[in-house]
Amino acid sequence: MKSETLTSEQFYTSNTNSDNAGHALNSSIFRISNDNVATKKVSERTKSKFGLFVLVSTFVLLFVGAYSVYYLQSDFDQFQLDRMNSNWGFPFLVVAGLLFFFQTGVFLYNLYLFIKYKPIESVSDEMLPTVTVIVPAYNEGKLVWDTLLSLAESDFPAHKLEILAVDDGSKDDTWYWMQQAKIKLGDRLTIFQQPENAGKRHALHRGFELGMGEIFVTVDSDSIVKKDTLRNLVSPFVVDEKCGAVAGNVHVLNSKKAILPKMLNVSFVMSFEFMRSAESKLGSVLCTPGAAAAYRKTSVFACLDEWINQTFMGQPSDIGEDRAMTNMILKQGQHVLFQRNAYVLTNVPEEYTGLYKMFIRWSRSNVRENIAMAKYVFTDFREGSKFGARLLWLNQSLKIVMAYPFMIFMFVFIAMHPLLFLSSTLLGILIVSSFPVLFYAKRYNLADSLWAYSYSVFYTFSLFWITPYAIVTANKRGWLTRGLV
């Protein structure tokens, strides 16, 4: 059975005075002016044609690459022969073979875990814990209004839900929209304004210090939740007393607006619904996303001082607050789970500049937290099996360690045999990306799944440098994407 296809329209509330289903977009969250409908339709048709061009071009490129491998087979045979006769040929073959078998084994194990995974169903209203939702915001404008209203419309007992919004010294009209949300929601919402911009970590810290709930839920101020997201997100804490944190299921809100969000939506489904499902079966989800995550209050306060004062190479950490909190809760021996049924839609960059800066921030955090995780993952940090957490750490660390050897080999290969490199790379993309395509098509739809091919081509040729760059700049501070339009 196919999963529900998620679009931003599902998060809109219908106008009760309308008899036409087409008026569903005229909601309390987003209202589209009639004067702009014609312009919007023309824009969507243009984007649709460009999107089709990108997809067709991707397939042409991939199949030309695949045919080139066949056409250049004699050249590939000679390359393999020359490599085996060189001093480095056999050692390289051994290392490459070991990495291939390791990665194949990890993939098959993850596939097995994914098949075994099932999200925890929501508990009854009576069993739900008290929850404090914390929404940090910086220069989000009206988006914070949309976020707060979606939270207020949650199917969650009102007397058990506290919503706190913290304006982290915004320079735009974010505070105004928080005030408007306060007027609309009344006592259901409490708003705070930081005297100056101190960073997302400090805005969250204020919420943690003030929140009264048994469970803290953090939601980014450019994200929209479904009505049942909160109750599904916090139910594992009732069912599993060892659960310290839960990750939500992140999809892309602006996937209809540009090519990059379309690609990222397929990538997010793989990252969350496949990888985090597998990690959840091991009780060791490595990162609870800022878009939607839940934490047991006692687990947060057990590491709150360490988290807010975290440093890296002598500098205060102002990025990766979600990965850091997850890591510290894992270190306590707590389980960190993933809830596939706790959907949240979030905005992602629509242009290359914003995208690569976001990836640099994530990769720097990944480098830092893998180093931090190495300090405890091989100790007796939790009761029961620790194999899963150790395997996940090893897999992540190998990708970091092999980043430079892989890049050096790639440049040498390009310099010596550019056609062989290009054709073999495109064939590899065609083969490897077919799994994300099939996975997304099975869970949602075939048409959007094809963007996995385009994303793989795009990432391979324009974002391959992210991890190597993040390694040598891991000590640098800064959010990078704040202030980008």
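Note that the coordinates shown come from a computational prediction; the quantities given were computed from them, not determined experimentally. (Residues numbered from 1 in each chain as written. Predicted model: local features only at pLDDT ≥ 70, side-chain atom pairs only at ≥ 80, totals over all residues. Heavy atoms only, no water.)

## Quick notes on the overall build of the protein chain
- Of the regular secondary structure elements, the protein chain holds 18 helices and ten strands.
- Counting only contacts in the protein chain whose residues sit at least 6 apart along the sequence, the fraction spanning at least 24 positions is 82%.
- Summed over its atoms, the accessible surface of the protein chain is roughly 23200 Å², and 61% of this surface lies on carbon and sulfur atoms. (Helix = DSSP H or I, 4+ residues; strand = E, 2+ residues; numbered from the N terminus. Contact = heavy atoms within 4.5 Å. Areas by Shrake-Rupley, 256 points an atom, 1.4 Å probe, with all protein chains shown as cover.)

## Remarks on the confidence of the model for the protein chain
- Per-residue pLDDT for the protein chain has a mean of 91; in total, 89% of the residues score no lower than 70.
- Segment residues 7–34: pLDDT under 50, and 40 contacts once partners within four positions in sequence are set aside and those in other chains are kept. (pLDDT = per-residue confidence, 0-100.)

## Comments concerning the layout of surface pockets
- In this structure, the second largest pocket spans a volume of roughly 280 Å³.
- Forming the boundary of the second largest pocket are 15 residues, of which Glu306, Gln310, Glu369, Ala372 and Lys375 lie nearest the centre.
- Elements with a minimum of two residues in the lining of the second largest pocket: β8 (311–312), α10 (321–331) and α11 (352–374).
- When its residues are assigned to classes, the lining of the second largest pocket shows six nonpolar, four polar and five charged. (1 Å grid on protein atoms, 1.4 Å probe; cavity = no way out; pocket = protein on both sides within 12 Å on 5 of 7 lines; lining within 4 Å. Points joined across faces, edges and corners; volume = space filled by probe spheres on them. Nonpolar A, V, L, I, M, F, W, Y, C, P; charged D, E, K, R; others polar.)

## Quick look at unusual backbone geometry
- The backbone phi angle of asparagine 139 is positive, close to 55°, even though this residue is not glycine.
- In this structure, asparagine 139 sits in the loop between β1 (131–137) and α4 (143–152).
- With a relative accessible area of 27%, asparagine 139 lands in the partly exposed category.
- A positive phi angle, close to 55°, is found at methionine 313, a residue other than glycine.
- As for its placement among the helices and strands, methionine 313 is situated in the loop between β8 and β9 (315–316).
- When its relative accessible area of 63% is taken as the criterion, methionine 313 is described as exposed. (Buried < 20%, exposed > 50% of the residue type's maximum accessible area, 1.4 Å probe, protein only.)

## Re empty space enclosed by the protein
- Taken as a whole, this structure holds three cavities of 30 Å³ or more when the rule is applied.
- Quantified by volume, the second largest cavity comes out at close to 80 Å³.
- Around the second largest cavity sit 13 residues that line it, and Leu204, Thr218, Tyr295, Glu321 and Asp322 are the ones nearest its centre.
- A breakdown of the residues in the lining of the second largest cavity according to their chemical character gives seven nonpolar, two polar and four charged.

## Digging into the sheet that holds strand β4 (residues 215–219)
- Read from one edge of the open sheet, eight strands run β3-β2-β1-β4-β7-β6-β10-β5, paired in mixed fashion. The open sheet is flanked by β3 (189–193) and β5 (223–225), the only strands paired with a single partner. Within the sheet, the average angular offset between the axes of one strand and its neighbour, ignoring direction, is 30°.
- Lying on the sheet, helix α6 (residues 200–210) is in contact with β1, β2 (161–167), β3 and β4; it crosses β1 at an angle near 155°. (Pairing = 2+ DSSP bridges. Axes fitted to C-alpha atoms, helices over the stretch in contact; angles between N-to-C directions.)

## Points about the packing of aromatic side chains
- On inspection of all chains with the given rule, the structure shows 39 aromatic pairs.
- Between tryptophan 88 and phenylalanine 92, the ring centres sit 5.8 Å apart and the planes meet at 85°, which makes this aromatic pair edge-to-face.
- Overall, the relative accessible area of 43% leaves tryptophan 88 in the partly exposed class.
- Members of the aromatic cluster, connected to one another through ring pairs, are Tyr117, Phe268, Phe272, Phe338, Phe359, Trp362, Tyr455 and Tyr459.
- Of note, lysine 142 hangs over the ring of tryptophan 177, and the distance from its end group to the ring centre comes to 5.5 Å.
- When the ring centre of phenylalanine 272 is taken as reference, the NZ or CZ atom of arginine 276 above it lies at 4.0 Å. (Phe/Tyr/Trp six-rings, centres within 6.5 Å; stacked < 30°, edge-to-face > 60°. Lys NZ or Arg CZ within 6 Å of the ring centre and 35° of its normal.)

## Remarks on the UniProt feature "transmembrane region" (unreviewed entry) in the protein chain
- According to UniProt, the feature "transmembrane region" (unreviewed entry) maps to residues 50–70, 90–112, 391–414, 420–440 and 452–472 in the numbering used here.
- The distance from the first to the last C-alpha atom of residues 50–70 is 31 Å, and the span holds 100% helix and 0% strand.
- Secondary structure over residues 420–440 splits into 95% helix and 0% strand, and the C-alpha atoms at its two ends are 30 Å apart. (UniProt positions renumbered as here; feature names shortened; annotations may be inferred.)

## As for the side chain of glutamine 339
- As for its placement among the helices and strands, glutamine 339 is situated in strand β10 (residues 335–346).
- Taking the relative accessible area as the measure of exposure, glutamine 339 reaches 1% and is therefore buried.
- With residues near it in sequence (within four places) discarded, glutamine 339 still touches Tyr117, Pro119, Ile120, Asn232, Leu233, Pro236, Val246, Ala247, Gly248 and Asn249.

## A word on the pattern of salt bridges
- Within this structure, the stated rule accounts for ten salt bridges.
- Its salt-bridge partner being aspartate 146, residue lysine 142 comes within 3.4 Å of it at the nearest N-O pair.
- Judged by its relative accessible area of 35%, lysine 142 falls in the partly exposed class.
- For arginine 477, the salt bridge identified is with aspartate 318, shortest N-O distance 3.6 Å. (Salt bridge = Lys/Arg side-chain N within 4 Å of Asp/Glu carboxyl O.)

## Remarks on the nonpolar core
- In terms of nonpolar packing, the biggest core is built from 108 residues, with Val133, Phe208, Val217, Val234 and Trp307 touching the most fellow members.
- Apart from the residues lying within four places of it in its own chain, the contact partners of phenylalanine 208 are Ile134, Phe216, Thr218, Val300, Phe301, Leu304, Trp307 and Met325.
- By size, the runner-up hydrophobic cluster in this structure holds nine residues, among which are Val69, Phe76, Met407 and Leu420. (Core = buried A, V, L, I, M, F, W, Y, C linked by side-chain atoms within 4.5 Å.)

## Side note on α10
- Of all eleven residues in α10, ten are buried, a share of seventy percent or more.
- Within the span of α10, buried status applies to Glu321, Asp322, Arg323, Ala324, Met325, Thr326, Asn327, Met328, Ile329 and Leu330.
- As for α10, its buried residues are in contact with α6, β6 (243–252), β7 (292–296), α9 (297–308), β10 and α11.
- Two residues or fewer after α10 comes glycine 333, characterised by a positive phi angle close to 90°.

## Looking at the pairing of β3
- Here five bridges tie β2 to β3, and the two strands are oriented parallel to one another. Looking across to β3, one finds that isoleucine 163 is bridged to leucine 189.
- For the crossover that starts at β2, traverses helix α5 (residues 174–185) and ends in the parallel β3, the hand is right-handed. (Right-handed = clockwise from strand over helix to strand, strands pointing away.)

## Observations regarding the pairing of β2
- Counting buried residues along β2, six of its seven residues qualify, which places the element largely inside the surrounding structure.
- Here seven bridges tie β1 to β2, and the two strands are oriented parallel to one another. In the sheet register, proline 136 faces β2, and the bridge partner there is valine 166.
- With α4 bridging β1 and its parallel neighbour β2, the resulting β-α-β unit is right-handed.

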